[in-house]
Amino acid sequence: MGSKAEQETYYWSLYPKAVTDRCIYGYDSAKNKSFGSDPLPSSVLPKIKSGLTGMFVPKGEEAILGNFAAECVGDRNACDSLTISFLVYIEASVAIDTFVHVLNTVSPSKGYYYIGFTVTRNIARLEAEAYAMIGKSPNILKKSGPFPGTGSWVHVAMVYTAFPEALELYLNSQSTIDPVLSIPWNGRDQAIRIALGNSKTASSFFISVLQILKGERAEDKIHQLEIDSRNQARNPLTSEVELIQKSPLIVKEDQGSFDIEFQRSGNLSTLSLLRISSSGEAIPGKDFVFDKLPSSGEVQIKPGEEHGRFTVVLINDIDPESNETFRIILTAEDAGTSIVGAGSVNVTIIDNDIDDCATTPCKYRGTCHDGLNDFTCTCTPGYTGKDCGIDVKKTSAHIVGLAIGGGTALAIVALIVLLLIRKWITRK
């Protein structure tokens, strides 16, 4: 999930499919930078409710977004006003004096900050309560209003301004008329961390298209924000991923490695989960490997990223073989991403191994062993040399003949040479 937000907007997206490190990804559109949440509980899942895509948060569970929009909400100088927008669906009725904590601030640390949104039932009505304190203020602002009801999607917009300090609450684009309360607050030193739900939440709920936008929004802009949010949750914008390399791709076995690149367009606010696989003559693990990919073959393109790549490492063996052609296949693993174009690239590995034993270079029935542009021979007894071409007996006799004709000194040299030859033969 996510939205095509305007400049200087922070928003989150959720993996449309559960993966190992399940988490929410936030995205800063001004800096084109993503940031991750704490790991999600296994029960917090993306689901479709009443036709809209949202994240299901069971009662008593908590999903911590982490440093969500920290530079904005943690510093009054960075964001002297902001608008928080989201859709919420509360599943069951809310009992009297119980709370549904949709947004909550967690974890003590440095900073002066609090953001919260709860739904509670008192004797008079089902009530929405918005809280905000940004900057070094001694008080939290609270704005309440009648919550439209459980069992349907409600758009919530909280508009905070620092100069002068004020808080507006809109429910389905309607401004609540309850007065703003300023409540003394001693819980300073809160971290810039927001949680969806908490252990005290009394009812399960869904939340969708959560955004923090720099600057305040007038009522007509709030209405448009609601329309855009509902459209986004109903028909999430898709990302389109296309391979940059085109078939055929020719590589040499001894070139080491090559990269496969892809580019993404469309909705960049969401995370795209891709899977890399192969088919064909070349065998993974024997002829090539995908470098630094998990065994599942998953590749992630985080929110804001437009390009990705992975490396194919070629295994340069010494086995003579024919050229091998295989196909690298890119598939989308989430509902929010589609593959455009071919979706695969054909790769041919040009073999560099020559059978150096093909010409039978080892003489006198020696055994040839092929190597990398080379060969070695295991010679039969009585023969030696690179290609077993030296007949030891003939060579010895020739040396003795030369020694006899050359006198005592040459005979001594010949004797030493014969001893060295015999010692070498014994070693072999």
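Model, not experiment: these values are computed from the prediction.

Thresholds, definitions, all that
Residues numbered from 1 in each chain as written. Predicted model: local features only at pLDDT ≥ 70, side-chain atom pairs only at ≥ 80, totals over all residues. Heavy atoms only, no water. Salt bridge = Lys/Arg side-chain N within 4 Å of Asp/Glu carboxyl O. Helix = DSSP H or I, 4+ residues; strand = E, 2+ residues; numbered from the N terminus. Disulfide = S-S within 2.5 Å. Buried < 20%, exposed > 50% of the residue type's maximum accessible area, 1.4 Å probe, protein only. Polar contact = N/O pair within 3.5 Å; in protein donor to acceptor, adjacent residues only side chain to side chain. Contact = heavy atoms within 4.5 Å. pLDDT = per-residue confidence, 0-100.

Remarks on the pattern of salt bridges
Counted under the stated rule, the structure contains 14 salt bridges. Between E298 and R275 there is a salt bridge; the shortest N-O distance is 3.6 Å. With a gap of 23 residues between them, E298 in strand β23 (residues 298–301) and R275 in strand β21 (residues 272–280) connect regions that are remote in the sequence. In this structure, D287 engages K286 in a salt bridge whose closest nitrogen and oxygen atoms are separated by 3.9 Å. Members of the salt-bridge network, linked through shared partners, are R125, E127 and D178.

Observations regarding the state of the cysteines
Applying the stated criterion to the full structure yields 3 disulfides. Two residues share a disulfide in this structure: C362 and C377, whose sulfurs sit 1.9 Å from each other. Here the S-S torsion is close to -85°, and the disulfide linking C362 with C377 is therefore left-handed. Here the residue C362 occupies a position in the loop between β27 (344–350) and β28 (367–370), and C377 occupies one in strand β29 (residues 375–378), the gap between them amounting to 15 residues. Of the two residues examined, C362 and C377, each falls in the buried class. Across a sulfur-sulfur distance of 2.0 Å, C379 and C388 are joined as a disulfide pair. Around the S-S axis, the bridge from C379 to C388 shows a dihedral of about -90° and counts as left-handed. Residue C379 is classed as buried on the basis of its relative accessible area, which comes to 18%.

As for the side chain of S81
Considering the arrangement of structural elements, one finds S81 in strand β7 (residues 81–90). Residue classification places S81 among the buried residues on the basis of a relative accessible area of 9%. Side-chain polar atoms of S81 contact the backbone nitrogen of E216, separated by 3.3 Å. Contacts of S81, omitting those with residues within four sequence positions, involve Y160, T161, K214, G215 and E216.

Remarks on the confidence of the model for the chain
On average, residues of the chain score 81 in pLDDT, and 81% of them reach the 70 mark or higher. No element of the chain has a lower mean pLDDT than helix α4 (residues 408–427), at 54, and none a higher one than strand β14 (residues 174–175), at 94. Throughout residues 1–5 the model reports pLDDT below 50, and contacts reaching past four residues in sequence, or to other chains, amount to 24 contacts.

A word on unusual backbone geometry
Note: most residues except glycine have negative phi, and most peptide bonds are trans. Look at the link from S247 to P248: it is a cis peptide, with omega at -10°. For P248, the position within the fold is in the loop between β18 (239–243) and β19 (249–252). A positive phi angle, near 65°, is found at D97, a position not held by glycine. Mapped onto the secondary structure, D97 falls in the loop between β7 and β8 (99–105). Taking relative accessible area as the criterion, D97 reaches 61% and is therefore assigned exposed. A positive phi angle, close to 60°, is found at C388, a residue other than glycine. Residue classification places C388 among the buried residues on the basis of a relative accessible area of 1%.

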